[in-house]
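# Structural overview for review
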Amino acid sequence: QVQVVESGGGLVQAGGSLRLSCAASGRTFSRYARGWFRQAPGKEREFVAGITWNGGNTLYADSVKGRFTISRDNAKNTVDLQMNSLKPEDTAVYYCAAAHIFYTNYISTDRNEYEYWGQGTQVTVSS
């Protein structure tokens, strides 16, 4: 049974940092692209960051570029999201996802292309 579990969310003041981690089990995800999405109350789930299966390429939403960093460890089946200089508008439930995309130069921002999802972790940034 495939499980994708996020951790590391919490409450932080504006300007602070958090590191989210996502652990996957039940299959080998080393050949899967990985992504982070977020959903704020009343809004659509949106792409935040993605990384190719080999970690060679990353992609970020404009709103987080320069502040967030995605990384992965295929040996551990994990993907992390380091979030710095957090803003109140970053407040959302953050979801980890995996897509069976084996390209090294393509990262999907479309949530419909991601097959496996975690349950989400809440990030709240106070002003």
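Not measured: the values here are computed from a predicted model.

## Some thoughts on the pattern of salt bridges
Under the criterion given, the structure shown has six salt bridges. Between Arg111 and Glu44 there is a salt bridge, with its nearest N and O atoms 3.2 Å apart. In this pair, Arg111 is assigned in the loop between strand S9 (92–99) and strand S10 (116–117) and Glu44 in the loop between strand S4 (33–39) and strand S5 (46–51), connecting sequence segments 67 residues apart. Classification of Glu44 as exposed rests on a relative accessible area of 59%. A single salt-bridge network, built from bridges that share partners, covers Arg38, Glu46, Arg67 and Asp90.

## Looking at the environment of Ala98
Along the polypeptide, Ala98 turns up in strand S9. Note on Ala98: relative accessible area 1%, which makes it buried. Considered as a pair, Ala98 and Trp117 are 19 residues apart in the sequence and their alpha carbons are 6.7 Å apart. In this structure Ala98 touches Phe29, Tyr32, Ala33, Arg34, Tyr114, Glu115 and Tyr116, once residues within four positions along its chain are discounted.

## So, the side chain of Ser108
With respect to the secondary-structure elements, Ser108 resides in the loop between S9 and S10. Separated by 3.0 Å, the side chain of Ser108 and the backbone nitrogen of Asp110 make a polar contact. When near neighbours in sequence (up to four residues on either side) are disregarded, Ser108 contacts Phe47, Ile101, Glu113 and Tyr114.

## Here's the deal with the environment of Tyr116
In this structure, Tyr116 sits in strand S10. Separated by 81 residues in the primary sequence, Tyr116 and Gly35 have C-alpha atoms spaced 10 Å apart.

## So, the sheet that holds strand S7 (residues 68–73)
The antiparallel open sheet is built from four strands, whose spatial order is S1-S3-S8-S7. Edge strands, defined here as strands with exactly one partner in the open sheet, are strand S1 (3–7) and S7. Across the sheet, the axes of successive neighbouring strands diverge by a mean angle of 15 degrees, strand direction being ignored. Two elements, S7 and strand S8 (residues 78–83), share six bridges in a ladder whose sense is antiparallel. For Asp73, the partnering residue across the bridge sits in S8 and is Thr78.

About the cut-offs
- Per chain, residues are indexed from 1 in the order of the written sequence.
- Side-chain atom pairs in this predicted model are given and counted only at pLDDT of 80 or more, local residue features only at pLDDT of at least 70, and totals for whole chains, interfaces and linings cover all residues.
- Water and hydrogen atoms were dropped before computing side-chain values, which therefore reflect all heavy atoms in the structure.
- A side-chain nitrogen of Lys or Arg and a carboxyl oxygen of Asp or Glu constitute a salt bridge if their distance falls within 4 Å.
- For helices the rule is a DSSP run of H or I covering at least 4 residues; for strands it is a run of E covering at least 2, with both sets numbered from the N terminus onward.
- Each residue's exposure class comes from its accessible area (1.4 Å probe, protein chains only) as a fraction of the maximum for that residue type: buried when under 20%, exposed when over 50%, partly exposed otherwise.
- In what follows, residue pairs with any heavy atoms lying within 4.5 Å of each other are defined as contacts.
- A 3.5 Å cut-off defines polar contacts: any pair of N or O atoms within that distance qualifies, except that in protein one atom must be a possible hydrogen donor and the other a possible acceptor, and neighbouring residues in sequence count only when both atoms are side-chain atoms.
- A pair of strands is treated as paired once DSSP finds two or more bridges between them.
- With axes taken as lines fitted to C-alpha atoms, and helix axes fitted only over the stretch in contact, angles between N-to-C directions fall between 0 and 180 degrees.

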